[in-house]
Each structure stands twice: as structure tokens, then as C-alpha cells.
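Examining the three-dimensional arrangement
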Amino acid sequence: MKMATLQLLSSDFSKPMILLKPSLSTPPRLSPSSLIPRASSFLTRRHFVSDTAALSLALSSPFLVPAQPALSEEPALSEWEKVSLPIDPGVVLLDIAFVPDDPKHGFLLGTRQTLLETKDGGQSWAPRSIPSAEDEDFNYRFNAISFQGKEGWIVGKPAILLHTSDAGDSWERIPLSSQLPGDMVYIKATGDKSAEMVTDEGAIYVTSNRGYNWKAAVQETVSATLNRTVSSGISGASYYTGTFNAVNRSPDGSYVAVSSRGNFFLTWEPGQPYWQPHNRSVARRIQNMGWRADGGLWLLVRGGGLFLSKGTGITEEFQEVPVQSRGFGILDVGYRSKDEAWAAGGSGILLRTTNGGKSWVRDKAADNIAANLYSVKFIDDNQGFVLGNDGVLLRYLG
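Quick summary incoming for the structure in this document. Just so you know, these numbers come straight off a predicted model, no measurement behind them.

Attention now goes to the pairing of strand β30 (residues 393-396). A two-sided burial pattern is seen for β30, the buried positions comprising Leu 393 and Arg 395 on one face and Leu 394 and Tyr 396 on the other. Sheet topology note: the strand β3 (residues 80-83)/β30 ladder contains four bridges and is antiparallel. Residue pairing across strands places Lys 82 opposite Leu 394, the latter belonging to β30. Where strand β29 (residues 383-388) and β30 come together, three bridges link them in antiparallel fashion. Paired with Leu 387 across the two strands is Leu 393, which belongs to β30. In this antiparallel pair of consecutive strands, β29 and β30, the connection spans four residues, and Asp 390 shows a positive phi of 55 degrees.

In C-alpha cells, the structure reads:
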């Protein structure tokens, strides 16, 4: 199989060209994922005790009319269902994507080299084996996946880049140079043979020829930027460890990222040579940030706080919105439309807004989900998923 090797022409970001040279390699086989029994239903202990008691009364007293089951104080999830997955319970799910030409065909990624495939819109999933994804017994953490047409990309840690041109029927591996700054945490398919890749040290690379050549979009890492701007008033920059805690991309190609300690955030817009650091305007440390459907920003702080930016675009002005987080951290927000969005977090926290984020209502039924929910992804208005640890996947029913 013909491969390609990513090589940095120079470690100096002022010369931001990366060259891929073809090489030959024999891909080994991937070890199959372990299987677990499928859960047949989502039944609470309260339902079980109530139904059992009613049945016992009817059998022991034939002259009594059976009583109607009592209404539960915690209704079942009305808009989400829990999907059984053939993976170990300890897996943390990290990203999901579907083939645009076939919305029922998608892939689900996670820790412990987890890669699952669905062909029925996410109702059922099967382990997928990619022989070239195994190298020297590494247990890869697949961080991100993206599709444009039939062309798709996967990045992970330790450094791994996978590419497909046939909607995931086959994947080729593109080995990466050890000089790559940081671990790849995000990739976005941007067009025919084109993609954009981000590392946790702030390096952004773009390709337009299916990954055979990559060019740096920024001239230096975030650490280098902060070394130059630490005296410009960025609070806490001297404690920066050199990596991102979270990074999110807007539809127009702008990025917002949170420093590893959560004490400030950074933004980048296409054409800028460097990341722009910003002071946080809230007392608590930042957990995550992202883009609203109207072009504004949302901001999550540790301890369960949710803030919305004033207006749209990049700003340092935020206003807190009351939420019923019960003190658990909110970890992600996903917009289904301009008005409707869902937020998810620790200990099964699931919140919904129908007015663009001005007010949120907690789905109490989600309290029964014994997992931290890390990511909310809406593929379109009718297709959405919530990803969590311990192999938890929720599918939107609408």
C-alpha cells in the first residue's frame, strides 16, 4: 500500500511548510474490541418495585380490581434514548460523524482505540477494524473525525492520521513526523482533498492535496506567542503549560480555545499569524467554550456555571445564565437550531433551552444516567447525539 510521511521542513514556525514524502509500509492488523452484553431496556428501580407490587396484589386478591400503576416522579427520557454499544464500559466516547451523502452511515470514536460504525443512523453500532491503525502495540485515543462528501479524516493520540476517500469503506494511514508540535486534537474536512488540523499546542495545518502536503496557518505555537505577550496584561499566562484544554471551530473557520488551567482563553481567525489571548471576565476558571448558532460565544466554568457573550463575534464580555446544574460541571453545549440547544455535564446533567440560551430546564430523567456526558453533537435538525464516559451514548429522538 502506498503511504505518505509527514515531515516538517523546519521546526521554526516562521517557515511553515510541511512536506509529505511517499514511503512504503506494511500495515498490521488491529486487535478486535471486547464485547459486552446489550442492555435490553432502561428501567429504574422505582418502576420495578411499583410494577411488582401491583402484580402481587392482583394475584393474591382475585376479588380486587387491579390498581393502575402509579405515575413516576421522574419521567423517562422523552427526547433521547440510550444506545447499547459493543464496547467496554470504561471507554470514553469523544467524537461522532456521518457521511454527508449517506446520513445513516457514521462512525463513533473514543479511548482505548474505540472505532464503531453504524449504517442505520446510530440505532446500532458494530466494531470497525482498521489494520493500519495498530502500530507497536499503541492503544490509540481517537480524538476527532470529519467528513466532506465521501472523504473523511481521523486524528488521534499517540500521533495518528487516517484518511478515506470512499466513505470509510477503507482507510489509509499517513505517518506523521515526530517534530509535529503537540498532539492532534481536532480535524475538519474543508473541501475536496482539503482539511484543517489542530494540535493541543496551537499549531494549525491545512492541506489541499489529500494530506500529501501540509502548510502551517500560524507562525508559532501558543507558548511562543505568550512569551511575547505575557507583559501585555493577560492574567495567568505565566502559568500556561503549553496545551489547550478545549478547542472549538465556528462554521466560518474561527477558533476559540481554553488554556489548560482555564485561567484565560484564546481565539484565532483565518488570516491571523498568531493566536490572540484574552482575559476571562468571570471569577471561576473556564471549563469549555464554543460558538452559538447566532455567531456568539458560550462559556462554561468549573462548578456548573454557564455564560453567554454579549452580542456576536469575539468578545470578552459575558453574562451568566441561571442553570440547574446541582453543582456538577457542565462540559459541553450543542445547538440544534438558533433557538434550541442542549447542555450536558457531570453525573448525567442534561439541560435544554428553547430561547437561544436565555433560560434552561433540566431533564430530571437524565439523573438516572450514571456517567459524565462530555459532548453534544447535532448532525442536523433531526439527528443528534450525546457522548459520555463508561460507553454511554444518547440518541436524539425529537
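From this point on, the discussion continues.
Further remarks concern the sheet that holds strand β26 (residues 350-353). Pairing is antiparallel across the open sheet formed by four strands, whose spatial order is β24-β25-β26-β27. Whereas interior strands pair on both sides, the edge strands pair on one side only; in this sheet they are β24 (330-335) and β27 (361-362).

The subject of this paragraph is the pattern of salt bridges. Taken as a whole and judged by the stated rule, the model has 12 salt bridges. With a shortest N-O distance of 2.6 Å, Asp 88 and Arg 112 are connected by a salt bridge. In this pair, Asp 88 is assigned in the loop between β3 and β4 (93-99) and Arg 112 in the loop between β5 (102-110) and β6 (114-118), connecting sequence segments 24 residues apart. Taking relative accessible area as the criterion, Asp 88 reaches 29% and is therefore assigned partly exposed. Take Arg 112: its relative accessible area is 45%, and that puts it in the partly exposed class. Across the pair Asp 183 and Lys 157 runs a salt bridge, and its minimum N-O distance is 3.5 Å. In this pair, Asp 183 sits in the loop between β11 (172-173) and β12 (184-191) while Lys 157 sits in strand β9 (residues 151-157), placing the two residues 26 residues apart along the sequence. Shared partners join several salt bridges into a network, and the residues in it are Glu 79, Arg 336, Glu 340 and Arg 352.

Scanning the entire structure with this criterion turns up 16 aromatic pairs. A centroid spacing of 6.0 Å and a plane angle of 45 degrees characterise the contact between Tyr 255 and Trp 268, whose relative ring orientation is tilted. A residue pair is termed long-range when its members are at least 10 positions apart, and Tyr 255 in strand β17 (residues 255-259) and Trp 268 in strand β18 (residues 264-268) qualify at 13 residues. Accessibility assignment for this pair places Tyr 255 and Trp 268 in one class, buried. When the centroid spacing of 5.5 Å and the interplanar angle of 75 degrees are considered together, the rings of Phe 378 and Tyr 396 count as edge-to-face. One end of the pair, Phe 378, is in strand β28 (residues 373-380); the other, Tyr 396, is in strand β30, and 18 residues separate them in sequence.

Rules behind the numbers
The residue count restarts for each chain, going from 1 along the sequence in the order it is written. Residues qualify for local features only when their pLDDT is at least 70, as the model is predicted, and side-chain atom pairs are given and counted only at 80 or more; totals for whole chains, interfaces and linings, by contrast, use all residues. Values shown for side chains rest on all heavy atoms present in the structure; no hydrogens or waters enter the calculation. Throughout, exposure labels follow a simple rule: accessible area from a 1.4 Å probe, protein chains only, divided by the maximum for the residue type, with under 20% read as buried, over 50% as exposed, and the rest as partly exposed. Secondary structure elements follow DSSP: runs of H or I no shorter than four residues count as helices, runs of E no shorter than two count as strands, and numbering proceeds from the N terminus. The criterion for strand pairing is that DSSP finds at least two bridges linking the strands in question. Should a side-chain nitrogen of Lys or Arg be within 4 Å of a carboxyl oxygen of Asp or Glu, the pair is scored as a salt bridge. In summary, the pairing rule links any two rings of Phe, Tyr or Trp, Trp by its six-membered ring, whose centres are within 6.5 Å, and it sorts them by plane angle into stacked for under 30 degrees, edge-to-face for over 60 and tilted for everything else.

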